[in-house]
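Listed here are the chains, written in short residue letters.
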Amino acid sequence: MTSRRAIWAAAALPLFFIGYFFLYPLGRILWLGISELQIADLLTETRIARVAWFTLWQATVSTVLTLVLAAPLTWAVSRFEFPGRRLAQALVIVPFVLPTVVVGTAFAALGWRDSVWAILAAHVFYNVAVVVRTVGGMWARLDRKVEEAAAMLGASPWRVFRTVTLPLLRPAIIAAASIVFLFTFTSFGTVLILGGFRYSTIEVEIYRQAVTLFDLPMAAALSIGQMIAVSALLIVYARRQERTASPLVLAPEASTRRHPEGRTAWAVAASVAATLAALFVPPAVLVVRAAADGGFRRLFVDEPVLGRPLDAVPTSFSFAFVATVVAVVVGICAAYVISRRGSRLSQWFDVVLMLPLGTSAVTIGFGFLIALDWPVDLRATVALVPLAHALVAVPFVVRATVPLMRSIHPSVREAAAMLGASPGRVFRYIDLPIVMRAALVGAGFAFVVSLGEFGATAFIARPNTVTIPVMIFRLLGRPGLGNFAAAMALATVLGAITAAAIMVMDRFRSTDLGTF
Amino acid sequence: MLTVDDVTVRFGDLRAVDGASLEVGDGERVAILGPSGSGKSTLLRAIGGLEKLESGRILWDGVDLADVPPHRRRFGFMFQGYALFPHMTVGENIAFGLRMEGRDPSEIRARVAEVLEWVGLSGFDQRTVDNLSGGEQQRVALARTLAPDPRLVMLDEPLGALDRALRERLMVEMTDLLTRAGTTALYVTHDHDEAAFFAHRIAIMREGRIVQVGKMEELRRNPVDDWVADFLD
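First things first, this report covers the structure right here in the doc. (Residues numbered from 1 in each chain as written. Chains lettered and ligands numbered in written order. Predicted model: local features only at pLDDT ≥ 70, side-chain atom pairs only at ≥ 80, totals over all residues.)

### Topic: the overall build of chain A
Thought 1: Along the backbone of chain A there are 25 helices and zero strands.
Thought 2: For 516 residues, the compact-globule estimate of 2.2 N^0.38 gives 24 Å, and chain A sits close to it at 24 Å.
Thought 3: Summarising its shape, the C-alpha atoms of chain A cover approximately 75 × 70 × 50 Å along the three principal directions.
Thought 4: Among the 516 residues that make up chain A, the fraction classed as buried is 47%.
Thought 5: Residue pairs at least 24 apart in sequence account for 82% of intrachain contacts in chain A once pairs closer than 6 positions are excluded. (Helix = DSSP H or I, 4+ residues; strand = E, 2+ residues; numbered from the N terminus. Rg over C-alpha atoms; globule rule 2.2 N^0.38 Å. Buried ≥ 20, exposed ≤ 12 C-beta atoms within 10 Å, placed from the backbone. Contact = placed C-beta atoms within 7 Å.)

### Let's talk about the sheet that holds strand β2 (residues 14–24) of chain B
Picture the strands of a sheet paired through backbone hydrogen bonds; they go either parallel or antiparallel.
Residues and elements named next belong to chain B.
Thought 1: Strands sit in the order β2-β1-β4-β5 across an open sheet of four strands; the sheet is antiparallel. Because the sheet does not close on itself, it has two edges, and the strands there are β2 and β5 (63–64).
Thought 2: Pairing analysis gives seven bridges linking strand β1 (residues 2–11) to β2, with the strands arranged antiparallel. In the strand pairing of β2, Thr3 is matched with Glu23.
Thought 3: Docked against the sheet, helix α1 (residues 40–48) engages β1, β2 and β4 (55–60), running at close to 65 degrees with respect to β2. (Pairing = 2+ DSSP bridges. Axes fitted to C-alpha atoms, helices over the stretch in contact; angles between N-to-C directions.)

### Observations regarding the pairing of strand β9 (residues 201–206) of chain B
All names here are of chain B.
Thought 1: The element β9 is extensively covered by neighbouring structure, given that five of its six residues are classed as buried.
Thought 2: Judged from the four bridges that link them, strand β3 (residues 29–33) and β9 form a sheet pairing that is parallel. If you follow Ile32 over to β9, its bridge partner there is Ala203.
Thought 3: Strand direction decides the pairing type here: β9 and strand β10 (residues 209–214), joined by five bridges, are antiparallel. In the strand pairing of β10, Ile202 is matched with Gly214.
Thought 4: Taking the residues that link successive antiparallel strands as the turn, the β9-β10 hairpin has two residues, and the phi of Glu207 there is positive, at about 50 degrees.

### With respect to the pairing of β3(B)
Residue and element names in this part refer to chain B.
Thought 1: Within β3, five of the five residues are buried, which leaves the element mostly enclosed by the surrounding structure.
Thought 2: On β3, burial covers both faces: Arg29, Ala31 and Leu33 on one face and Val30 and Ile32 on the other are all buried.
Thought 3: In the sheet, β3 pairs with strand β8 (residues 185–189) via five bridges, with the strands oriented parallel. Residue pairing in the sheet places Ile32 in a bridge with Val188 of β8.

### A few points about unusual backbone geometry
Thought 1: Omega for the bond connecting Trp374(A) with Pro375(A) falls within 30 degrees of zero, at -5 degrees, which places this linkage in the cis form.
Thought 2: Tracing the backbone through its elements, the reader meets Pro375(A) in the loop between α19 (361–371) and α20 (384–407).
Thought 3: Even without glycine at this site, Tyr82(B) takes up a positive phi of about 75 degrees.
Thought 4: Tracing the backbone shows Tyr82(B) in the loop between β6 (75–78) and α2 (90–100).

### Comments concerning the interface of chain B and chain A
Thought 1: Each side of the interface is counted separately: chain B has 21 residues, and chain A has 19 residues.
Thought 2: The set of elements that each furnish at least two residues to the side of chain B that touches chain A consists of β6 and α2 of chain B.
Thought 3: Here the side of chain B that touches chain A is composed, by residue class, of 12 nonpolar, six polar and three charged. (Nonpolar A, V, L, I, M, F, W, Y, C, P; charged D, E, K, R; others polar.)

### A look at the sheet that holds β9(B)
Residue and element names in this part refer to chain B.
Thought 1: Read across the sheet, six strands follow the order β6-β7-β8-β3-β9-β10 without closing on themselves; strand pairing throughout is mixed. At either margin of the open sheet sits one strand with a lone partner, and together these are β6 and β10. On average, each strand axis in the sheet is inclined to that of its neighbour by 20 degrees, with strand direction left out of account.
Thought 2: Contacting β3, β6, β7 (152–156), β8 and β9, α1 crosses the sheet at an angle of about 150 degrees to β7.

### With respect to the environment of Ala273(A)
All names here are of chain A.
Thought 1: Checked against the element boundaries, Ala273 lands in helix α14 (residues 262–292).
Thought 2: Classification of Ala273 as partly exposed rests on a count of 13 C-beta atoms within 10 Å.
Thought 3: In sequence terms Ala273 and Trp348 are 75 residues apart; their C-alpha atoms lie 47 Å from each other.

### A word on the packing of helix α1 (residues 4–35) of chain A against helix α16 (residues 312–339) of chain A
Residue and element names in this part refer to chain A.
Thought 1: Between α1 and α16, the shortest axis-to-axis distance is 8 Å and the interhelical angle comes to 130 degrees. One finds that α1 runs oblique with respect to α16. As α1 packs across α16, the resulting crossing turns out to be left-handed. In this structure, α1 contributes Ile7, Ala10, Ala11, Leu13, Pro14 and Phe17 to the contact, and α16 contributes Val330, Cys333, Ala334, Tyr336 and Val337.
Thought 2: Tallied by class, the residues present in the contact of α1 with α16 amount to 11 nonpolar, no polar and no charged. (Parallel < 35°, antiparallel > 145°, perpendicular 65-115°, else oblique. Left-handed = near helix turned anticlockwise from the far one by under 90°.)

### Section: α1(B)
Thought 1: The buried count for α1(B) comes to nine of nine residues, which makes it a mostly enclosed element.
Thought 2: Positive backbone phi, approximately 90 degrees, marks Gly49(B), located one or two places after α1(B).

### A closer look at the nonpolar core
All names here are of chain A.
Thought 1: Grouped together as the largest cluster of nonpolar side chains are 228 residues, with contacts concentrated most on Ala393, Val397, Ala446 and Leu490.
Thought 2: Ranked by residue count, the leading element in this core is helix α22 (residues 423–452), at 16 residues.
Thought 3: Once residues lying within four places of it in the same chain are set aside, the contact partners of Ala393 are Ala323, Ala327, Phe445, Ala446, Val449 and Ser450. (Core = buried A, V, L, I, M, F, W, Y, C linked by C-beta atoms within 7 Å.)

Written out as C-alpha cells, the structure reads:
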C-alpha cells in the first residue's frame, strides 16, 4: 500500500503542469470560439468550407498513395531474407524522424513549392515508414502454411494474395491507414511551406487566421472543429482496434522469411532499390543544393531582418535542454502516479497525460498565445517556448518509463519500506534507479521533439526566441535565392543533428536497456 | 511485546482478517498456520502497516501503532518471493536498512559481512541478485531482514518456493539463527511440520479468524472443533 499522501505529492506537479499549460488554454480556446459564436460562421464561409474539403481530400489521397507506394518495400522486407534487409528497414525510418520543416524544405529544394503534388509527395515520403513498420510487422509473422494451403487448393498466386493474405493483413493495413490519415489530416509544417496561399489545411488555416489575419475567434472556432475531428478519428481508431484484434495464424518472425529466387529475386531487388532511391532523392538534393548555392556560408551572415541564421542553433539547443529537463521531471512524477494501479487518480492520469499527443501542436501553440497572459503574462518571457516543447514531450517520457515502473513488484517497494525507507526514499532508491535508463531514452525523445517542434513554436516564437525550424520557415518566406540557400543549409544542419541524436539513442536503447 | 487486538481488514465485501487477536511475547516465536486464503498473509501485512485496519488495534509494548507508518515500525518483513532489489548487489541489498538508519559506511560494511557469515554466504556481497539460486536468494532475503536488528521479524512463507531437501536444511539453519539472536518472530505457513519445528506457539487461522492458539501437542490433544482436528490430522 503506497500512502495516499505520497501519490498526491507526486501528482501535484503534473496536475499543475497539465492543468495550467494544457487544459486551461484549451478551455480558453473553447470559450473564445463559443462566446463569439463563430462556429455558425464556419459553416457559411466558403473559404473555410474549401479548407475543410481540401484537408479531408489531401489526407485521403496521401493515405492511399502511401499504402500503394509502400507496398512493394513492405512485401520485400517482411517476406524475404536478403543481404541488407535490416539496413533497408532501418533506412526507411529516417524520413519519419526528420522534422516536418526539414521535409518541407527538402521538397521545396526539388522546386515543387506551391503545388498539391509537393504536399502529397512529402506526405508519402514521411509516412512510408508507418506502413513498413505496421503492416510489415504483421506480414513477417504470417504463417506461410496458410497461403500454401490455399495454393494446394488450386488458388493462383494472385488469388492467394487477394483471398488469403490481404484479408489476414487487414487489421494492420487499417491501423497503418488510420495513423497515416491522422498524421496527414493534422499536417502543418509541410503544408505551410509547400502549399503556398492556395492550399491550406485546417491546421494551416488556424495559424493564418490567428497570426496573419489576427481573427482570434475564427482561429478558436477552427481549433474546436479540428479537436472534434481528431477526437472522432481517435475514437473510431480505438473501436476498430478492439473489434479486429482477433487471434491470427502467426508464426515466429524468422521462420516466414525466404531467400528470394529467380524472378522473385529481381522483384525484391527492384522494390527495395526503387523505394530507397526515391526516399534518398529529396534529402540528397537538399544537401547538394544547400552546398552548391552557398547556403552554409550564408548561415554566418547577418540577414537584415532575421539576423544571423546560425544563432538559432544555440537558442534551439538551450530550449531543448530546458524542455527535456522539465518533461523528464514532470513525466517521471506522472509515471509514478500512473504505475500505482488501482487508484482512480492513476487511471485518470493515464488518459489525461496522453492528451497532448492527440492534440495538434498548432492548437497547443494557439492556446499558449491566447491564454498564458493570466495570472502573469508568460508570453513575454523566454520560458514560453521550452514550456510548450515540454508539454509536447511529456507523453514520450511517460510512455518510456511507465512500463518499467509497473514492472517493479509491489513487494519490492514494501520491502524497502519495512527496512525503514520513507515513501520519498522508496522513490529515490528503488523507482528512480530502476527507471533511469528508460528515462534517459525518454529524455532523448524529448530533446529530438523539442529540436524539431514547429507547430506550437510558430505561434509563440518572438524575435529573441527563434528556434531552428522557425528560422528555416522565416528564411523561406524572405525574398532572394541567398535566403533560400540559407534555409536549405539550416534544414540540412537540423536534419543531421536529428538523425545523429536518433542513432545515439537507438544504440543506447538496444545495448544498455536490455539488462533488466 | 506485540499485541494484536480484535483486528479486522476488509477488501471490498470480503473480511480477509476478521476480529483477530494474538499476543507475542519478547523472544517468542509464533507461527500462523492455516490453509491458503485464510488471511494469514494479510494479518502479517496488517501488523507491518502495509494494510489498513478496518477496526481493532496493533500495539507494541502497549503503544498503539495506528499512526506509525511501515518505515518507522522497525519490524523486519521477509516477503514471499523475497522481493530482493533487482538493481542492487547482494551487499547493497543487505546494507539498505542500515543505510536508511543513517549508520556510517564502515559500520555498515562490518555488519553486512557479519550477517552474510550468519547465513553462510561470506564473500557474496558483490554478486548480483539475479544470478543467485533459490536457496541463496532466500538467505540473502533473511540476511537483509535481520541486518538492522528489527524488534520483530515477520516471515511470510519464507521457504515456499524451494524443494523439500533444501527447505529442511534452511528451516534448521533459520530457526537456529533466530534462537541464538533471541529474536521475536511471526512465521506464516501452511505447512504443519514447519510450524511445529519453528514456533513456540501456533495460531490456527481459518476464514480470517484465529480459531485456536497453543503448542502443537496441545492443539492436537484438545482441538476446539472438528475442523481444527481434521486440519492438523
